[in-house]
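Chain by chain, the residues run as shown.
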Amino acid sequence: QVQLVESGGGLVQPGGSLRLSCVASGTIFSIAAMSWYRQAPGSQRELVAAFGTGGTTNYADSVKGRFTISGDNAKNTVYLQMNSMKPEDTAVYYCNADVTTSLGIRFYYWGQGTQVTVFS
């Protein structure tokens, strides 16, 4: 069984910063990629940033230059550093991992989601 545990969400003022963390644990053989999604009320879930094999990264246009995704392979952990935050960044943020288990099964796992709220 694979579990993703998220932390770091909360309240922040416009222009402030937060760092989200997501740790994958369980019967993991390998992880091809980890990523962050977000979903605001009344909106569809969107990809925020992805961290893939070889350290490749992708960002949504709305967060480029403000957010940075990074990973610690030894800890099966992905981070999202969020700077210069805006009210439109308010959403539930979800961690996703492309995991191959010890049984050779490849599956996308999701975290429970963590609320990020930006307001004055």
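Scroll up for the structure.
The sections below set out a description of the structure shown in this document. Because the structure is predicted, anything quoted here is derived from the model rather than measured.

### Details of the nonpolar core
Residues Leu4, Trp36, Val48, Leu80, Met82, Tyr93 and Val116 are the most contacted members of the largest nonpolar core, which totals 28 residues. Among the elements of the structure, strand E1 (2-7), strand E3 (18-26), strand E4 (28-39), strand E5 (46-52), strand E7 (67-72), strand E8 (77-82), strand E9 (91-101) and strand E11 (114-118) are those that each provide at least two residues to this core. The dominant element in this core, judged by the number of residues it contributes, is E9, at five residues.

### Structural notes on unusual backbone geometry
Notably, asparagine 76 is not glycine yet its phi reads approximately 50°, a positive angle. Within the element layout of this structure, asparagine 76 appears in the loop between E7 and E8. In this model, serine 84 sits at a positive phi of 50°, which is unusual for a non-glycine residue. Counting through the fold element by element, serine 84 comes out in the loop between E8 and E9.

Rules of the game
- Residues numbered from 1 in each chain as written.
- Predicted model: local features only at pLDDT ≥ 70, side-chain atom pairs only at ≥ 80, totals over all residues.
- Heavy atoms only, no water.
- Core = buried A, V, L, I, M, F, W, Y, C linked by side-chain atoms within 4.5 Å.
- Buried < 20%, exposed > 50% of the residue type's maximum accessible area, 1.4 Å probe, protein only.
- Helix = DSSP H or I, 4+ residues; strand = E, 2+ residues; numbered from the N terminus.

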